[in-house]
Number of protein chains: 2
Amino acid sequence: MKIAIDLMGGDKGISSNLKGAFMALDEFKDIEIALIGREEEIKRAMENSNYENERVEIINADEVIENNEEPAMAIRRKKDSSIVIGMRALKEGKVDAFVSSGSTGALLSGGILIVKRIKGIDRPAIGFIYPKVDGNGFLLDAGANSECKAKYLYQFAIMGSIFAESILKMESPKVGLINIGEEKEKGIELYKESYRLLEESKLNFIGNVEPRYIFKSKADILVCDGFTGNMILKTLEGTADFLFGNIKSVFKKSFKSKIAGLFVKDDLKEMGKTLSYNDYGGALLLGLSKPVIKAHGSSDYIAIKNAIRQAREVVKNDISQSIEKRLLGERNEN
Amino acid sequence: MKIAIDLMGGDKGISSNLKGAFMALDEFKDIEIALIGREEEIKRAMENSNYENERVEIINADEVIENNEEPAMAIRRKKDSSIVIGMRALKEGKVDAFVSSGSTGALLSGGILIVKRIKGIDRPAIGFIYPKVDGNGFLLDAGANSECKAKYLYQFAIMGSIFAESILKMESPKVGLINIGEEKEKGIELYKESYRLLEESKLNFIGNVEPRYIFKSKADILVCDGFTGNMILKTLEGTADFLFGNIKSVFKKSFKSKIAGLFVKDDLKEMGKTLSYNDYGGALLLGLSKPVIKAHGSSDYIAIKNAIRQAREVVKNDISQSIEKRLLGERNEN
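Residues numbered from 1 in each chain as written. Chains lettered and ligands numbered in written order. Predicted model: local features only at pLDDT ≥ 70, side-chain atom pairs only at ≥ 80, totals over all residues. Heavy atoms only, no water.

1. Side note on the interface of chain A and chain B
Counting residues at the interface gives 50 residues for chain A and 50 residues for chain B. E237(B) serves as the salt-bridge partner of R212(A), at 2.6 Å between the closest nitrogen and oxygen. Taken together, chain A and chain B are joined by 12 residue pairs in polar contact (both at pLDDT 80 or more). Per-element tally for the side of chain A that touches chain B: the top contributor is helix α8 (residues 226-250) of chain A, with 19 residues. Across the side of chain A that touches chain B, the residue classes break down as 26 nonpolar, 12 polar and 12 charged. (Contact = heavy atoms within 4.5 Å. Salt bridge = Lys/Arg side-chain N within 4 Å of Asp/Glu carboxyl O. Polar contact = N/O pair within 3.5 Å; in protein donor to acceptor, adjacent residues only side chain to side chain. Helix = DSSP H or I, 4+ residues; strand = E, 2+ residues; numbered from the N terminus. Nonpolar A, V, L, I, M, F, W, Y, C, P; charged D, E, K, R; others polar.)

2. What about the nonpolar core?
By size, the foremost hydrophobic cluster in this structure holds 239 residues, and its most contacted members are L35(A), F163(A), L35(B) and F163(B). Beyond its immediate chain neighbours, meaning those up to four positions away, L35(B) contacts I5(B), L7(B), L18(B), A21(B), F22(B), I42(B), M46(B), V56(B), E57(B), I58(B) and I59(B). (Core = buried A, V, L, I, M, F, W, Y, C linked by side-chain atoms within 4.5 Å. Buried < 20%, exposed > 50% of the residue type's maximum accessible area, 1.4 Å probe, protein only.)

3. Remarks on the packing of helix α1 (residues 13-27) of chain A against helix α2 (residues 39-48) of chain A
Residue and element names in this part refer to chain A. Orientation of α1 relative to α2, taken along the N-to-C sense of each, is 65°, at an axis distance of 10 Å. Relative to α2, α1 is oriented roughly perpendicular. Where α1 crosses over α2, the two elements pack in a sense that is right-handed. In this structure, α1 contributes I14, L18 and F22 to the contact, and α2 contributes E41, I42, A45 and M46. Here the residues of the contact of α1 with α2 sort into six nonpolar, no polar and one charged. (Axes fitted to C-alpha atoms, helices over the stretch in contact; angles between N-to-C directions. Parallel < 35°, antiparallel > 145°, perpendicular 65-115°, else oblique. Left-handed = near helix turned anticlockwise from the far one by under 90°.)

4. With respect to the packing of aromatic side chains
The final tally for this structure, using the stated rule, is 15 aromatic pairs over all chains. Ring centres 5.0 Å apart and planes at 50° place the aromatic pair Y191(A) and F227(B) in the tilted group. A residue pair is termed interchain when its members come from two chains, as with Y191(A) in helix α7 (residues 189-200) and F227(B) in helix α8 (residues 226-250). Considered together, Y191(A) and F227(B) belong to a single accessibility category, that of buried residues. (Phe/Tyr/Trp six-rings, centres within 6.5 Å; stacked < 30°, edge-to-face > 60°.)

The structure is reproduced here in structure tokens:
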């Protein structure tokens, strides 16, 4: 299995991305890696760090798509960008998955225009794994589609269910619909209609879930439109960040509290990771015919390594194929 | 100044609400209070707690509107409910403000049907004060209006600005539009149009704010539709709750961490209050011609006392009048 990694993406630069890639090579002996980006810069960075591995190849890409570029336009114009070249390699079967911490919009556009969608999926979605009181949850769409229709949310639920079964190893995963209240008739029209579609489906739908309970809910998968999902994800990050800042200041208050801080420092650090994307690695672009993993723009090398781990699992489980089959199944029985 | 308090609302029951009311009477010597609810139950509860105060009257209300009732219907049918009787007393000038921890929907419907809206305001909004790194922020709409138009968001911004000036004592408060990105053209159509309206207004508009930065942003007021605002508020509560649960378990891990816990217990408790509605008291229903304060359904007596404090400030500053004047001003100059 060969996984392509976009070395030009993210805030941390080539050498950090490279470090993550080589950590993954060490940990997973069954993968090969294609490093995508400016060949000379990559070679120099590899020499500086004494990186060598015969399971590595470099694919040159001279251009970079910046975060502020209009995605579809950038994909069309920058044929030599790391994202376009990575996506083409994926499309042509030269690699089995593509990992990038570049612009989400560009990855989505590239995915739709180059890799193409799974038959029967109208819109790919961004899914992210988050920690719950009793395991993991999976929320989608976390920001790919600001404007949604009920049938998209229904498709998100199918894709999420298959992801949870294949990757999170859950049996008959429970699907919840994010909403402002638990009752069936809550929320805007889109949500009322989505409720009806999910209720009539063969999915294990358990009803509405308020964001207040996402960490405690029985639902394994939560679906919502991308505008709402993005708001939830960002509120969660902002709140965690704010509270950790406050906790830190508590431990700086007095001599006594500084001592207390020393006693629990490691445990608190461990806990801090709970809501950190670095440990979860990538967000998955579900709904494309081949696996594209979006690592967080601020990903450090650990996050890059974890995104590669996730890519490896997705390839092993052939998720796109499973989604296509399930969609066919649901259609044939309706 | 007389403030009416609905003793039948909330999860904690009459005696807790009563305790809050009498605490407020002790603290604020310039207010009178009208206790609204089943007279006999109230009298019994007062006797049990030895409460007496000549600045208190009881207004009998035999019925209670439950949280699961359809709001507008309940307001029309339950003429003797504490909410309807409180709202009527407000409308007729018998009291100057109404505080209730009852059903938000019923308070909104009652507000619109009985107290009526401010001229020029299409939809009342729920505003809530939250802590920031450098003071307080005010977010609206936190859930009154699931479906919004851009002009509602613009009106929310006007109401929020006046609230921030009058109650939070801010000069020329900065208005931010909640969105999934900072750039002007981000988000769904409603948000693009709201951006344009805010940009053209005389408000101190500073652009889009991602929920990731609500605690750090320069914006004093954040506006969004009620569906999104409710999602943000609930995600914030859920995340804080989840993290505090995790912190508690860190301090139970070992003997050493238990000692550490003892050292910082009080400071952590203090910090826990930061995101607790009890200390902030009520959410305001802005846009009604007279002040209605919604206390959180789980409000304890401290929260009730703080909601009464907030009602007192709102009456003193005559916010509804200020909003009406400002709206007239904005219209005349356009």
